[in-house]
Amino acid sequence: MIAWAALFSWPLISAVFYNRLTLPVALLATLLGGYLLLPSNIAWDLPLVPVLDKKTIPVLTAIVLTVVFARQTAGAMPPLPGWMPRDRVIRLMLAVLFLGFLATALTNTDPLFYGARVLPGQTIYDGFSQAFEAALIIAPLFLARKLLATPQAQRTLLLFFAVSGLVYSLPALYEVRMSPQLHAMVYGYFPHSFAQHVRGGGFRPVVFLNHGLSLSMYFTFSLIALCCLVRISGDTARIRWLFATVWMAATLVLTKSLGVLLIATLIVPLVLFFSVRVQLLAAVCIATVVLTYPVLRSANIVPVDQVLNVAESINPERAASFRTRVVNEEMLLAKANERALFGWGGWGRNRIYTEYGRDISVTDGEWILAIGGGGWVRYLPLFGLLAWPIMKLYLYHRREVDPVLAALTLILAAKLLDILPNAGLIAPVWLIAGAILGRMELLESGEVQAGAEEEANARASPRYARQFTPPAARAAALDTRRRTLGHSRITQAPGYRK
């Protein structure tokens, strides 16, 4: 009862956010707050309407309230006309993705028989229904492109990740010690298998998310955000953020998620010690690998055996689980290649069954779910919507990238790595992708001065500014200071190093 009350009261709570906060902050509070606080794995499935759960209710609420309050406070809106991205590649991907759902339904009308098990064929209604569900999942991209495009809004997004992760670490540490029971204590049930959250003589926390892996990944978002704040802040604030970073890193270790910890080990040093150019290049490399991953797996280019050997040296039990997952992905990929273009559709038609109809599949990775269910017509545009913003940013705007935007690209790249072995195209992922798209549109339209936010950081942290602030923006800032303060002589701006 409490779980249903929480779900259906969220629109009212979100209305308060939109009434009292700025639109970007209200959007973040509605979507990310709903993701972190609402009950998991409970849904109201009615005919002819989308499933109502913690994924869809915050998104539907944000769409309605953003439209309403955007009309009332038009002057506070970012200078981005319309609700659709301008980028032609993104528009093409969206068209292919949603037409692909219909094509998948039309090419899978045949029922499948596995012993006594019969999997029904797809109908045109199934195609429209799945397309509508996908539109709700992707909707945060459009909202973020509209409201989170400016440097100030993106810094707010980074701060939201950092602070919400720190606050969320307190109940998580409680569950590390006492077992994952807060969801059951508040909402009356546990959202997953409890056995999967007993690890290493202790427990893996869940709090109000659907799985401990999701919680660990969100803490990785927070850790990357905190590392960026360490680098761009002044001396006093840097010390506070540094302590917070150490706290979050320790919390992430205690969540006992080996795969996520390896991703954090790869990304965090990039944020702390490397330039924006290197950070962006690393994000592009990750995005490219993820986008071509099925081809790399089919060609045996992915070093699966080497990864297994490393995993066995760290934790033999987890290595055995990883090996099972790899074997299943190979079988599922072989079946997906039988209908490579449009896939097998829904109702479990992409899974592996014995001749007696027993399901022997393990479908954890988002990539194998996408390519098995919808083929390349679904995989490429779905993952391309996440990968293309990073690629375009590097190809056309890498000289205009600031530290906050670079950190957001690395958070997105980290999640791209995570959805190879795990499922979870969650609202934070689409928010980041949409924010990057919106920023590029602002840069291309000339309606935002690249480097304005960086100069504020430069005054607080000169060393970081020398590395990341564009020389033109820095020179303009020095001229402004000379006119404002009446300085007769100002030394030349330090050299810029990318």
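The text that follows walks through the structure, step by step, so that each part is easy to find. (Residues numbered from 1 in each chain as written. Predicted model: local features only at pLDDT ≥ 70, side-chain atom pairs only at ≥ 80, totals over all residues. Heavy atoms only, no water.)

Observations concerning the overall build of the protein chain
In step 1: Within the protein chain, the secondary structure is distributed over 20 helices and four strands.
In step 2: Counting all 498 residues of the protein chain, 54% fall into the buried class.
In step 3: Here the analysis covers contacts within the protein chain between residues at least 6 apart in sequence; of these, 75% occur between residues at least 24 apart.
In step 4: Of the roughly 21900 Å² of accessible surface on the protein chain, 65% is carried by carbon and sulfur atoms. (Helix = DSSP H or I, 4+ residues; strand = E, 2+ residues; numbered from the N terminus. Buried < 20%, exposed > 50% of the residue type's maximum accessible area, 1.4 Å probe, protein only. Contact = heavy atoms within 4.5 Å. Areas by Shrake-Rupley, 256 points an atom, 1.4 Å probe, with all protein chains shown as cover.)

Comments concerning the packing of helix α11 (residues 276-291) against helix α16 (residues 403-418)
When two helices pack together, you describe them by how their axes are tilted relative to each other and by the distance separating the axes.
In step 1: Put simply, α11 and α16 touch, their axes get as near as 9 Å, and they point 25 degrees apart. Here α11 lies roughly parallel to α16, going by the angle between them. For the pair α11 and α16, the crossing hand works out as left-handed. Contacts between α11 and α16 involve Val276, Gln279, Leu280, Ala283, Ile286, Ala287 and Val290 from the first element and Pro403, Ala406, Ala407, Thr409, Leu410, Ala413, Leu416 and Leu417 from the second.
In step 2: When grouped by side-chain class, the residues that make up the contact of α11 with α16 number 13 nonpolar, two polar and no charged. (Axes fitted to C-alpha atoms, helices over the stretch in contact; angles between N-to-C directions. Parallel < 35°, antiparallel > 145°, perpendicular 65-115°, else oblique. Left-handed = near helix turned anticlockwise from the far one by under 90°. Nonpolar A, V, L, I, M, F, W, Y, C, P; charged D, E, K, R; others polar.)

Some thoughts on the pattern of salt bridges
In step 1: This model, assessed by the stated rule, comprises twelve salt bridges.
In step 2: Two residues, Asp110 and Arg339, come together in a salt bridge whose shortest N-O distance is 3.0 Å. Taken together, the positions of Asp110 in the loop between α4 (88-106) and β1 (112-114) and Arg339 in the loop between α14 (316-336) and α15 (366-397) put the pair 229 residues apart, joining distant regions of the chain.
In step 3: Since its relative accessible area comes to 27%, Asp110 is described here as partly exposed.
In step 4: The class of Arg339 is partly exposed, set by a relative accessible area of 24%.
In step 5: We note a salt bridge from Glu444 to Lys392, for which the minimum N-O separation is 3.1 Å. Separated by 52 residues along the polypeptide, Glu444 in helix α17 (residues 427-445) and Lys392 in helix α15 bring together distant segments of the chain.
In step 6: Given a relative accessible area of 44%, Glu444 falls into the partly exposed group. (Salt bridge = Lys/Arg side-chain N within 4 Å of Asp/Glu carboxyl O.)

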